[in-house]
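Letter by letter, the chains look like this.
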Amino acid sequence: MLFAINRSINLSAPIDEMRSRSRNDVGNKVTVVLGAQWGDEGKGKVVDLLATEADVVCRCQGGNNAGHTVVVDGKEYDFHLLPSGIINPKSISLIGNGVVIHLPGLFEEGDKNEKKGLKGWEKRLIVSDRAHLVFDFYQIVDSLQETERQAQEGKNIGTTKKGIGPAYSSKASRTGLRVCDLLGDFKDFSNRFKNIVQQYQSMYPSLTVDVEDQLKKLKEYAERLRPMVRDGVYYMYEALHGPPKKVLVEGANAALLDIDFGTYPFVTSSNCTVGGACTGLGIPPLNIGDVFGVAKAYTTRVGIGAFPTEQLNVIGELLQTRGHEVGVTTGRKRRCGWLDLVIVRYAHMINGFTAIALTKLDILDVLDEIKVGVAYKLNGKRIPHFPANMDVLHKVEVEYETFPGWKTDTSAARKWNDLPAKAQNYIRFIENHIGVPIKWVGVGKSRECMIQMF
Ligand code: GDP
Ligand code: IMO
Ligand code: MG
């Protein structure tokens, strides 16, 4: 028993009781929803489905580069910084320390949704005091960096220009400013703000910032934000160790956009895989329960970077138009291609999915045949891993499995038996190939268009 470590973190439990506790006795478990491709898989819809029963819905990383769509009672909402669970009047929404917050964007988003009928969101929102801030000028710097990349390398990343890269860079270089700084001594905050502006101006001489105007606005935002701010770590500790609570984490962006595991450098600047849930909320790994991966029945990507199953032909165009594949945040057309199971399996290696939500099956309804990428070959030989190097990823040859199309409208299907046999075969193949059960199949935009398999 020498190495038996007790993981329970009840801070007030007597030590003898702690010794006899089992490893599983760690408090409430958190359910995590993560993108398994390059984003826009339909995470918002899956979170909305689960949020109807959740007590707390959390964002743990990213910022308003995310665009999550939720359709309820025919009304479409898009969320960028607010957790999609904010729709549920009975649950609390939390923006964790790992998120980078653009305050004008946050309030604009809330006000816009309020006009659509979202009531009382400010009272249901909690913001971690450790979350970093995204300033307006970070968005300008984001654009300047894209221009610089284009000039130096002949290509850019195709960022959302929401200032995400500069905000996480400042965080990592320890000059960033956090919510707790904004709510603390404003004189000190102002000095540090001026220093960051100066640092960026020395890197980008064309950058102009009206410092006084920015500080005035930030001071106003600070007062609107103050009632929502909590110590995020302690809030989560209480949520996990009090009475039973359902806690949901809404991943933003996706595995292939993860700063460590994605198609670097054509990625975002945060960890969009499961580790981000722990570091972005301050919760122990043993509190992670179900990890649901969300994958589209085909693949899309916004922005630049390798995309082995991309279809630059009528198939790609059909997926783009039928799937309304247009970025929620930027309005850019999404690139489209066949489902790539190499990337979904790779996402599973990192995240350990306990089940998958397969979305947008209905978009494939009209196809004569459907292909699925099952392996990558390099110089004629299958490779067992997902390449780290983008030059290699550009060179891989995709091995496909071909399935006959079902040529039937699936949008009214509500249970497994309503689906045509050929669609069932397609789903079963995917499930077996990834080695993860598919728990939901999406056949339309709205809440009820989700077949629950078990
Ligand atoms: P997220 O970023 O992962 O939340 O996904 P987005 O909201 O950016 O993009 C997903 C799009 O697909 C949204 O427009 C959703 O309304 C839509 N959608 C989600 N699931 C389905 C589905 O099963 N069928 C169809 N037709 N649309 C879906
Ligand atoms: P959701 O949560 C799709 C992409 C951008 C760009 C790269 C870096 O809606 O799935 P950034 O602005 O983050 O520095 O851009 O990452 N990207 C997304 N693509 N869905 C997203 O979020 C994305 N978030 C970032 O297009 O290629
Ligand atoms: Mg999206």
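Residues numbered from 1 in each chain as written. Chains lettered and ligands numbered in written order. Predicted model: local features only at pLDDT ≥ 70, side-chain atom pairs only at ≥ 80, totals over all residues. Heavy atoms only, no water.

1. Topic: the sheet that holds strand 10 (residues 247-250)
Put simply, the rule reads: Pairing between strands requires that DSSP locate at least two bridges from one strand to the other. By the criteria applied, helices consist of DSSP H or I runs no shorter than four residues and strands consist of E runs no shorter than two, each listed in order from the N terminus.
The sheet built from 10 strands is open, its strands ordered 9-7-5-2-10-1-11-15-19-20 with mixed pairing. Whereas interior strands pair on both sides, the edge strands pair on one side only; in this sheet they are strand 9 (229-230) and strand 20 (450-452). As defined by bridge partners, strand 11 (residues 288-296) adjoins strand 15 (residues 355-359) across five bridges and the pair is classed as parallel. Within strand 15, the residue paired with Val 294 across the bridge is Ala 357.

2. Quick notes on the UniProt feature "binding site: Mg(2+)" (unreviewed entry) in the chain
Applicable threshold: UniProt positions are given in the numbering used here, feature names are shortened, and annotations may be inferred rather than shown by experiment. Contacts between residues were defined by any pair of non-hydrogen atoms, one from each residue, lying within 4.5 Å.
UniProt feature "binding site: Mg(2+)" (unreviewed entry): in the numbering of this structure it lies at Asp 40 and Gly 67. Maximum C-alpha separation among the annotated residues is 7.5 Å over a sequence range of 28 residues, consistent with a single clustered spot. Mapped onto the secondary structure, Asp 40 falls in the loop between strand 1 (30-35) and helix 2 (43-51). Look past the residues within four positions of Asp 40 in its chain and what remains in contact with it is Gly 67, Lys 296, Val 302 and Arg 334. If near-sequence neighbours (up to four positions away) are discounted, Gly 67 is found in contact with Asp 40, Phe 79, His 80, Val 328 and Thr 329.

3. Quick look at the site of ligand 2
Note the threshold: By convention in these notes, a residue is near a molecule or strand provided one of its non-hydrogen atoms lies within 4 Å of it. Any pair of N or O atoms that falls within 3.5 Å is considered a polar contact. Within protein, one atom must be able to donate a hydrogen and the other to accept it, and sequence-neighbouring residues count only if both atoms are side-chain atoms. Residue polarity is assigned by list, with Asp, Glu, Lys and Arg as charged and Ala, Val, Leu, Ile, Met, Phe, Trp, Tyr, Cys and Pro as nonpolar; anything else, Gly included, falls into the polar class.
Taken together, the neighbourhood of ligand 2 is formed by 20 residues, with Lys 43, His 68, Thr 160, Asn 253 and Thr 268 sitting nearest. Asn 253 places a polar main-chain atom, nitrogen or oxygen, 2.8 Å from an oxygen atom of ligand 2. Thr 268 places a side-chain nitrogen or oxygen 2.6 Å from an oxygen atom of ligand 2. Residues that form the shell around ligand 2 fall into these classes: seven nonpolar, 10 polar and three charged.

4. Considering the site of ligand 1
Short version of the rule: We get accessible surface area from the Shrake-Rupley algorithm with a probe of 1.4 Å; when it comes to residues, only the shown protein chains can shield them.
In the vicinity of ligand 1 lie 19 residues, with Gly 42, Lys 43, Gly 67, Thr 69 and Asp 362 positioned nearest. One of the backbone nitrogen or oxygen atoms of Gly 44 is found 2.8 Å away from an oxygen atom of ligand 1. Within the contact set of ligand 1, an oxygen atom lies 2.8 Å away from a backbone nitrogen or oxygen of Gly 67. Contact with the protein chains removes 95% of the 580 Å² of surface that ligand 1 exposes when unbound. Mapped onto the shell around ligand 1, the elements with two or more residues apiece are helix 2 and strand 3 (68-72). Of all the elements, helix 2 adds the most residues to the shell around ligand 1, at three residues. Grouping the constituent residues of the shell around ligand 1 by class yields three nonpolar, eight polar and eight charged.

5. Topic: the packing of helix 13 (residues 341-351) against helix 15 (residues 421-434)
Inclusion rule: For helices, the fitted axis covers only the stretch in contact; all axes are lines through C-alpha atoms, and the angles between them, taken along N-to-C directions, range from 0 to 180 degrees. Should an angle fall under 35 degrees it is called roughly parallel, over 145 degrees roughly antiparallel, and 65 to 115 degrees roughly perpendicular, with every other angle called oblique. Whether a crossing is left-handed or right-handed is set by the direction in which the near helix is turned from the far one by less than a right angle, anticlockwise for left-handed and clockwise for right-handed.
Two elements in contact, helix 13 and helix 15, have axes separated by 10 Å at closest approach and are oriented at 45°. In terms of axis orientation, helix 13 runs oblique to helix 15. Handedness of the crossing formed by helix 13 with helix 15: right-handed. Contacts from Leu 341, Val 344, Arg 345 and His 348 in helix 13 reach Phe 429, Ile 430, His 433 and Ile 434 in helix 15. Classifying every residue of the contact of helix 13 with helix 15 gives five nonpolar, two polar and one charged.

6. What to know about the nonpolar core
Heads up, the condition is: As used here, the term nonpolar core means buried Ala, Val, Leu, Ile, Met, Phe, Trp, Tyr and Cys residues forming a set that is joined through side-chain atoms within 4.5 Å. The classification of residues rests on relative accessible area computed with a 1.4 Å probe and restricted to protein chains. Under 20% of the type maximum is buried, over 50% is exposed, and intermediate values are partly exposed.
Membership of the largest hydrophobic core comes to 76 residues, with the highest contact counts inside it found for Val 344, Leu 361, Leu 364, Tyr 376 and Tyr 426. Ranked by the residues each element gives to this core, the list is headed by helix 13, at six residues.

7. Re the coordination of the magnesium ion (ligand 3)
Heads up, the condition is: Only N, O and S atoms count as donors, using a 2.8 Å limit from the metal and a wider 3.2 Å limit for Na, K and Ca, and since water is excluded some coordination spheres may look unfilled.
Within the protein, Asp 40 (OD) and Gly 67 (O) serve as the donor atoms for the magnesium ion (ligand 3), at 2.1 Å. Linking Asp 40 in the loop between strand 1 and helix 2 with Gly 67 in the loop between strand 2 (56-59) and strand 3, this pair joins segments that are 27 residues apart in sequence. For Gly 67, a relative accessible area of 11% gives the class buried.

8. Comments concerning the packing of helix 5 (residues 136-153) against helix 6 (residues 164-172)
In the contact formed by helix 5 and helix 6, the axes pass within 7 Å of each other and the chain directions differ by 105°. By the criterion of interaxial angle, the relationship of helix 5 to helix 6 is roughly perpendicular. Touching Tyr 138, Val 141, Asp 142 and Gln 145 of helix 5 are Ile 164, Pro 166, Ala 167 and Ser 170, all from helix 6. Tallied by class, the residues present in the contact of helix 5 with helix 6 amount to five nonpolar, two polar and one charged.

9. Topic: helix 2
Burial analysis of helix 2 places seven of its nine residues in the buried class, which makes it a mostly covered element. Listed as buried for helix 2 are Lys 43, Gly 44, Lys 45, Val 46, Val 47, Asp 48 and Ala 51.

10. Brief notes about the UniProt feature "active site" (unreviewed entry) in the chain
Residues annotated in UniProt with the feature "active site" (unreviewed entry) correspond here to Asp 40, His 68 and Lys 171. On the basis of their most widely separated C-alpha atoms, the annotated residues across 132 residues do not gather in one place, lying as much as 25.9 Å apart. With respect to the helices and strands, the residue His 68 is situated in strand 3. What makes His 68 buried here is its relative accessible area of 4%. For His 68, the residues in contact, after removing those within four places along its chain, are Lys 43, Gly 44, Tyr 77, Asp 78, Phe 79, Ser 84, Glu 250, Gly 251 and Ala 252.

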